[in-house]
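So you can see what is in the structure, the chains are spelled out below.
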Protein chains: 2
Amino acid sequence: MNPSQHSDESTSDFTGRFRHEVLAAVFQVRERRLHSLLWRRARSPFEGDWALPGGPLGRVELLGSSLSRHLAAKVDLTDIAYLEQLETRSDVDRDPRERTIATAYLALVSSALNPSIPSDTAWFAVDELPATAFDHASIIQSARERLRAKLTYTNVGYALAPETFSIAELRVIYAACLGHDVSATNLQRVLLRRHIIEATSVTATPSASGGRPATLHRFTERTLLVTDPFAVFRPPSERP
Amino acid sequence: MNPSQHSDESTSDFTGRFRHEVLAAVFQVRERRLHSLLWRRARSPFEGDWALPGGPLGRVELLGSSLSRHLAAKVDLTDIAYLEQLETRSDVDRDPRERTIATAYLALVSSALNPSIPSDTAWFAVDELPATAFDHASIIQSARERLRAKLTYTNVGYALAPETFSIAELRVIYAACLGHDVSATNLQRVLLRRHIIEATSVTATPSASGGRPATLHRFTERTLLVTDPFAVFRPPSERP
DNA sequence: GGAGGTTTTCGACTATTAGGCGTAAACCCT
DNA sequence: AGGGTTTACGCCTAATAGTCGAAAACCTCC
C-alpha cells in the first residue's frame, strides 16, 4: 500500500453528510428513587411514546452547548450540575425518517431542586419506564451504568446532593443510583477518608419525629475529581 | 411552554448535515513503552504532520464497522483485540477545510504481534509524539487515560498481552500503560484473586541469561469483564 | 559437576482499609 | 422524667495491600 492509495480525502466532497442530534439522560433522585426526565412525543414516529430531551445540532454549535440550549428551551432546565458526554449512536435506522446520528449525554440535577417542567414532560423512575421512543431506553441504561461507576470512584455525588446534607440523606441518594442498599457507616467513613465530603459545624434542624439531629456535611469540591483508581498497582511511595 | 413549541422536528429538514469521520488511537506496547500508530499526512492541511488513522463514515455504515474498514484498508491492521468508543469531538474548526465531527475510538493490539504497516505509518511512543495534525494529540491523551482506568478495574489487559505470558512480561505491559512502576508481587496477587488471570501448567522456555523459568499465565476471559467497582458501598452479603 | 550469577516464586510479616455491631449522644413527645 | 427515635462513634474482626527475604530453578563458566 502506498500513500497515493489513501484516497478517501481526495474524494471527501462526495462522502455523506449526516443529520446529528444531541440527547440527554437527565437524572435526579426523587422520593428515594432515581428518575429520568422524559418528553412525550406529539407526532409520528413513536407518537405518544416518551423520549429523551434534546434536539438537532446547530451548524456552528458544539455538542455540549447545543444540549444546554435544547434543555433550556424545551424543558426550562438550566440547573444542570453536571454534564458528561456518554456515547454516540449510529444505527442506520434508529430514526425511521432519516439517518440521524445521536450523541448522548448524562446530565445530573440536584435533589434539592424541583424545576418547573412543561406539561408534556415528566419524571419517571428509571426502573419503571413507560413506552420509550427510538433507542432511548438503552441510552438510559448506559447512563445508569456510567453513573453507578462514576459514583464509586469520583465525587459526582455533589451534582445530585443538596449543598449540605446529612449522611442519611446521602445514603438515600447513593442507594437510589446504585440500586442496592448502602451502609451509612461505610459510606461516611469511605467518603471522609477520601476527602470527598467533610463535616460542617452546623446540625440539621431536628425533625418532628425526634431523633438526634444530624451534622450536615458538604462535598469538599464541586467539580469532578477522580479518586485515583490506579492505586492498586502503584508503589505507595508515589501516591499523592 | 406548550407542545406546539417543540418545533425543531417540524423544521428538521432545514437543520444542518455534517461530515463525520471516525478515528482510532491504536495502542500497542513495544519495547517496554506504550506506542500509538500514526499516519503521515501527504497533503494540506497539516502536511507532513502525523495523524490518527481513520476516515469518513459511509452512508449506511456503523461507526465501529467504519473504523474497522478504514484500519484494514489504510494500515492493513486487522488484528484489533479490543475496540471501544471514546468520545465525539465537535469543535467547529477542528478541520480547517469543513466542519467535521469526529468519533474517536480506542483500539488495542497484542504485543505479540508485529503487523506490517505501510511506509507512511509508524509507531510512536505516546510520551514522545511528533508534530500531530488536528486535535489528534489531545485524543491520544484521552485514550491513554481511558486505558489507564480500564486496566485497573477490568481485564482489558488481555488485548495487550500475548496469549500466555510470565508475570514479568505482564508487569512491563502494565507499567507501560500506567506510566509508573508496578509491583510484580501485587500485580500477580490482585489479578489472581480477581480471577482475571490464571496460571497454566507450562513454564516459559529458559532464557539465555539464566534464571528460573517463569510459569506462564493467561487471561481467564478474553472478553471485557469489569470487576465490580461498586463493592465499596455494597453489603458484602449481596456480592457475587 | 560444582560455583556463582540471574530470574522467578513464594511465604511471612506488617500496615491499611473494609465490615459489623453495640453503645452513647441528642433530639422528640407525652 | 421517661420512653421512643435517629445519628454518631468507637471497638473489634476480616480482608486486602505492601515489604522483604529466602528458596527454587535455570544459566554459564571453570
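The secondary structure content of chain A amounts to five helices and 10 strands. Expressed as a percentage of contacts within chain A between residues at least 6 apart in sequence, the contacts between residues at least 24 apart total 68%. Carbon and sulfur atoms make up 50% of the accessible area of chain A, which amounts to about 10800 Å² in all.

All names here are of chain A. Spatial strand order, 8-10-9: three strands in an open sheet with antiparallel pairing. Either end of the sheet is taken by a strand with one partner, and the two such strands are strand 8 (164-165) and strand 9 (197-203). Note that strand 8 and strand 10 (residues 215-219) share two bridges and pair antiparallel. From the neighbouring strand, Phe165 faces strand 10, where its bridge partner is His217.

This part is about the pairing of strand 7 (residues 121-125) of chain A. Residues and elements named next belong to chain A. The buried fraction of strand 7 is high, at five of five residues. Of the two faces of strand 7, both are covered, the one formed by Thr121, Trp123 and Ala125 as well as the one formed by Ala122 and Phe124. Two elements, strand 2 (residues 33-40) and strand 7, share five bridges in a ladder whose sense is antiparallel. Each residue of the ladder has a partner; that of Leu37, found in strand 7, is Trp123.

Attention shifts here to the pattern of salt bridges. Residue and element names in this part refer to chain A. Evaluated as defined, the whole model comprises 28 salt bridges over all chains. A salt bridge links Glu21 to Arg94; its shortest N-O distance comes to 3.2 Å. Note that Glu21 is positioned in strand 1 (residues 19-30) and Arg94 in the loop between strand 5 (82-89) and strand 6 (100-108), a separation of 73 residues in sequence. When its relative accessible area of 12% is taken as the criterion, Glu21 is described as buried. Residue class for Arg94 comes out buried when judged on its relative accessible area of 6%. As a salt-bridge pair, Glu84 and Arg146 come within 2.3 Å of each other at their nearest N and O atoms.

Below, the discussion takes up the nonpolar core. Counting 42 residues, the largest nonpolar core has Phe27, Leu108, Leu147, Leu170, Tyr174, Ile197 and Phe219 of chain A as its most contacted members. The two domains that each donate at least three residues to this core are domain 1 (18-150) and domain 2 (154-232) of chain A. Residues Phe124, Val126, Leu160 and Leu187 of chain B belong to the second largest nonpolar core, which totals 40 residues.

This part is about the confidence of the model for chain A. Per-residue confidence for chain A gives a mean pLDDT of 87, with 88% of residues at or over 70. Predicted confidence is poor over residues 1-13 of chain A, with pLDDT under 50, and the contacts of this stretch with residues over four places away or in other chains come to 20 contacts.

Turning our eyes to something else, we now look at the packing of aromatic side chains. All names here are of chain B. In this structure the tally under the stated criterion is seven aromatic pairs over all chains. Aromatic pair Trp50 and Phe124: ring centres 4.8 Å apart, planes at 70 degrees, arrangement edge-to-face. Within this pair, whereas Trp50 is found in strand 3 (residues 50-51), its partner Phe124 is found in strand 7 (residues 121-125), the two being separated by 74 residues in sequence. The class for Phe124 is buried, based on a relative accessible area of 19%. With centroids separated by 5.4 Å and ring planes inclined at 50 degrees, the aromatic side chains of Phe165 and Phe219 adopt a geometry described as tilted. Separated by 54 residues along the polypeptide, Phe165 in strand 8 (residues 164-165) and Phe219 in strand 10 (residues 215-219) bring together distant segments of the chain. Judged by its relative accessible area of 2%, Phe219 falls in the buried class.

On to the packing of helix 2 (residues 136-153) of chain B against helix 4 (residues 167-178) of chain B, then. For any two helices packed against each other, the geometry is given by the interaxial angle and the distance between the axes. All names here are of chain B. In the contact formed by helix 2 and helix 4, the axes pass within 9 Å of each other and the chain directions differ by 140 degrees. On the basis of their axis angle, the class for helix 2 and helix 4 is oblique. Between helix 2 and helix 4, the residues in contact are Leu147, Arg148, Leu151 and Thr152 and Tyr174, Cys177 and Leu178, respectively. For the contact of helix 2 with helix 4, the residue count by class is five nonpolar, one polar and one charged.

Sheet strands pair via backbone hydrogen bonds, and the direction of the pair is either parallel or antiparallel. Spatially, 8-10-9 (chain B) is the arrangement adopted by the three strands of the open sheet, whose pairing is antiparallel. Looking along the sheet, the strands with just one partner apiece sit at the ends: strand 8 and strand 9 (197-203) of chain B.

Let's shift gears to unusual backbone geometry. Omega for the peptide link from Ser44 of chain A to Pro45 of chain A comes to -5 degrees, which places this bond in the cis form. If you trace the backbone, Pro45 of chain A turns up in the loop between strand 2 and strand 3 (50-51). For Arg32 of chain B, which is not a glycine, the phi torsion comes out positive at approximately 65 degrees. With respect to the secondary-structure elements, Arg32 of chain B resides in the loop between strand 1 (19-30) and strand 2 (33-40).

A word on a nonpolar patch on the surface. Together, Val60 and Leu62 of chain A together with Val92 of chain B make up a nonpolar patch on the protein surface, roughly 240 Å² of accessible area in all. Among the structural elements, Leu62 of chain A can be located in the loop between strand 4 (54-56) and helix 1 (63-75). The partly exposed category is assigned to Leu62 of chain A, whose relative accessible area is 35%.

Another aspect to go through is helix 5 (residues 184-193) of chain B. Residues and elements named next belong to chain B. Those residues of helix 5 not exposed but buried are Leu187, Val190 and Leu191. End-on view of helix 5: buried residues confined to an arc of 95 degrees, all on one side of the axis. Facing away from the buried side of helix 5 by over 90 degrees, the exposed positions are Thr185 and Arg193. Where the residues of helix 5 are buried, they touch helix 4 and strand 9.

Rules behind the numbers
- Residues numbered from 1 in each chain as written.
- Chains lettered and ligands numbered in written order.
- Predicted model: local features only at pLDDT ≥ 70, side-chain atom pairs only at ≥ 80, totals over all residues.
- Heavy atoms only, no water.
- Helix = DSSP H or I, 4+ residues; strand = E, 2+ residues; numbered from the N terminus.
- Contact = heavy atoms within 4.5 Å.
- Areas by Shrake-Rupley, 256 points an atom, 1.4 Å probe, with all protein chains shown as cover.
- Pairing = 2+ DSSP bridges.
- Buried < 20%, exposed > 50% of the residue type's maximum accessible area, 1.4 Å probe, protein only.
- Salt bridge = Lys/Arg side-chain N within 4 Å of Asp/Glu carboxyl O.
- Core = buried A, V, L, I, M, F, W, Y, C linked by side-chain atoms within 4.5 Å.
- Domains from an automatic or database assignment.
- pLDDT = per-residue confidence, 0-100.
- Phe/Tyr/Trp six-rings, centres within 6.5 Å; stacked < 30°, edge-to-face > 60°.
- Axes fitted to C-alpha atoms, helices over the stretch in contact; angles between N-to-C directions.
- Parallel < 35°, antiparallel > 145°, perpendicular 65-115°, else oblique.
- Nonpolar A, V, L, I, M, F, W, Y, C, P; charged D, E, K, R; others polar.
- Patch = residues over 30% accessible without salt bridge, like charges linked within 9 Å, V, L, I, M, F, W, Y side chains within 5 Å.
- Arc of directions from axis to C-beta.

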